[in-house]
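A structural walkthrough
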Amino acid sequence: MDLNLLKDFLKQQNLPDFRYRQITKNYFSGRYLNFDQMTDLSKDLRTSLSEKFSLLSVSEEKIIGDEFTQKALLKLADGQKIESVFMDYEDWLTVCVSSQVGCPLNCKFCATGKMGFVRNLTVDEIVDQILYWNQKLFPKFIGRVVFMGMGEPFLNWDNLISALKIINSPDGLNIGARKISISTAGLADKIIDFADLNTQINLAISLHSADQKFRESIMPIAKQFDLNQLKKACLYYVNKTNRQLFFEYALTNQNTSQSDAQKLADFIKSHHLFFLNLIPLNPVVGGMDQASKDQQKIFMNYLSQLRIDYSVRRSFGQNFSAACGQLATDKL
Ligand code: SAH
């Protein structure tokens, strides 16, 4: 729900400020599916709210999943569709949210880029993806949010920042900054702006190659922000925030040679707060080829010999295209 419109509406109706807090508290609780269920409001107010607003700006079109992962296809008010993924693992219920309809970056290995860019999501379309899952989970609720769904969050900067405030606020979804992660394809200017915000929100960079020419060939954005600029911005980030910075590296059959490992090690060794996350590539039609199990093992051995620590990301929802890089709305 657009909270600014709600505020304006209540003002027009000459309703006191506490009504706003009451309605938003109900909205953020995940307990209610519509205004009519909010019986702490007068019948008249519930009716006029129902006429004027929908509680969520996203509505479920389809949902599929298994015991750990569910993927929802969500419809927006203008008929556009996005995907949002729920993961139930470790201690926290996690949602992977989208920030754009489609994506303009067109990374070779990612399904979202293949559908092109349609538009940025609004603040409420970002926040409501979380509330959609909270409504389903009630009385349980989402404890961790990752911006690793469709789109490049840093290209939707203003709405991202406003959504983050609501997600983090005690009067909003009250999810701790350290439980929120943003992933970017490496927009160096925005990495610096993000560092300057001085939040505790986690940042991850989609690196995928530490070789400039090859990175350009799989991530066109690398032509605009080359590895030197990217590294400078990342160093600025860690020096400013003193927080770990995560580098994501999907293992394909084209970036797992010994010289790739050497280049990657040189990059990661630039700062002790740089941390490597390896991701087994999730297959995407028209994308890149996975590294074989042997290639993966050998590459990890190279890294160990070079004294690089890393973690390997577990992948969820691959069999119904809900894993990283597999989100595109024509698939569901
Ligand atoms: N645009 C942002 C966020 C969306 S992608 C970004 O580029 O980071 C979310 C994560 O999935 C990123 O780490 C991205 O590199 C990764 N990813 C994309 N396609 C993938 C694929 N086919 N297999 C595994 N990870 C992929």
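A short tour of the structure in this document, coming up. Please read all numbers here as calculations on a predicted model, not as lab measurements.

Our next topic: the site of the ligand. Close contacts around the ligand come from 19 residues, with Phe109, Ser183, Ser206, His208 and Asn282 the closest. Within the backbone of Phe109, a nitrogen or oxygen atom sits 2.8 Å from a nitrogen atom of the ligand. Between a nitrogen atom of the ligand and a main-chain N or O atom of Gly151, the distance comes to 3.0 Å. If the ligand stood free it would expose 530 Å²; the protein chains cover 96% of that surface. Class assignment of the residues belonging to the shell around the ligand gives a composition of 9 nonpolar, 8 polar and 2 charged.

Running from amino to carboxyl end, helix 5 (residues 123–137) crosses helix 6 (residues 157–168) at an angle of 40 degrees, the nearest separation of the two axes being 8 Å. With respect to helix 6, the element helix 5 is oriented oblique. Where helix 5 crosses over helix 6, the handedness of that crossing is right-handed. Each of Val123, Ile126, Val127 and Ile130 in helix 5 lies in contact with helix 6, whose residues at this interface are Asn159, Leu160, Ser162, Ala163, Ile166 and Ile167. Its residues assigned to classes, the contact of helix 5 with helix 6 shows 8 nonpolar, 2 polar and no charged.

All right, on to helix 7 (residues 188–197) then. Of the positions making up helix 7, those classed as buried are Ala188, Lys190, Ile191, Phe194 and Ala195. Down the axis, helix 7 shows its buried residues gathered within 160 degrees of arc, on one side only. Contacts made by the buried residues of helix 7 are with helix 6, strand 8 (180–184), strand 9 (202–206) and helix 10 (227–241). Asn198 occupies a position one or two residues after helix 7 and carries a positive phi of about 55 degrees.

The next thing to look at is the packing of aromatic side chains. For the structure shown, the criterion picks out 12 aromatic pairs. On the numbers, 5.4 Å between centres and 25 degrees between planes, the contact of Phe86 with Trp133 is stacked. Residue Phe86 is found in strand 3 (residues 81–89), and its partner Trp133 is found in helix 5; the two are separated by 47 residues along the sequence. Looking at Trp133, the relative accessible area reads 1%, which means it is buried. Between Phe154 and Phe194 the ring centres are 5.5 Å apart and the planes differ by 45 degrees, which places this aromatic pair in the tilted class. Linking Phe154 in the loop between strand 7 (144–147) and helix 6 with Phe194 in helix 7, this pair joins segments that are 40 residues apart in sequence. Through a chain of ring-to-ring contacts, three or more aromatic side chains come together here, namely Phe86, Tyr132 and Trp133.

The rules we used
- Residues numbered from 1 in each chain as written.
- Predicted model: local features only at pLDDT ≥ 70, side-chain atom pairs only at ≥ 80, totals over all residues.
- Heavy atoms only, no water.
- Near = heavy atom within 4 Å.
- Polar contact = N/O pair within 3.5 Å; in protein donor to acceptor, adjacent residues only side chain to side chain.
- Areas by Shrake-Rupley, 256 points an atom, 1.4 Å probe, with all protein chains shown as cover.
- Nonpolar A, V, L, I, M, F, W, Y, C, P; charged D, E, K, R; others polar.
- Axes fitted to C-alpha atoms, helices over the stretch in contact; angles between N-to-C directions.
- Helix = DSSP H or I, 4+ residues; strand = E, 2+ residues; numbered from the N terminus.
- Parallel < 35°, antiparallel > 145°, perpendicular 65-115°, else oblique.
- Left-handed = near helix turned anticlockwise from the far one by under 90°.
- Contact = heavy atoms within 4.5 Å.
- Buried < 20%, exposed > 50% of the residue type's maximum accessible area, 1.4 Å probe, protein only.
- Arc of directions from axis to C-beta.
- Phe/Tyr/Trp six-rings, centres within 6.5 Å; stacked < 30°, edge-to-face > 60°.

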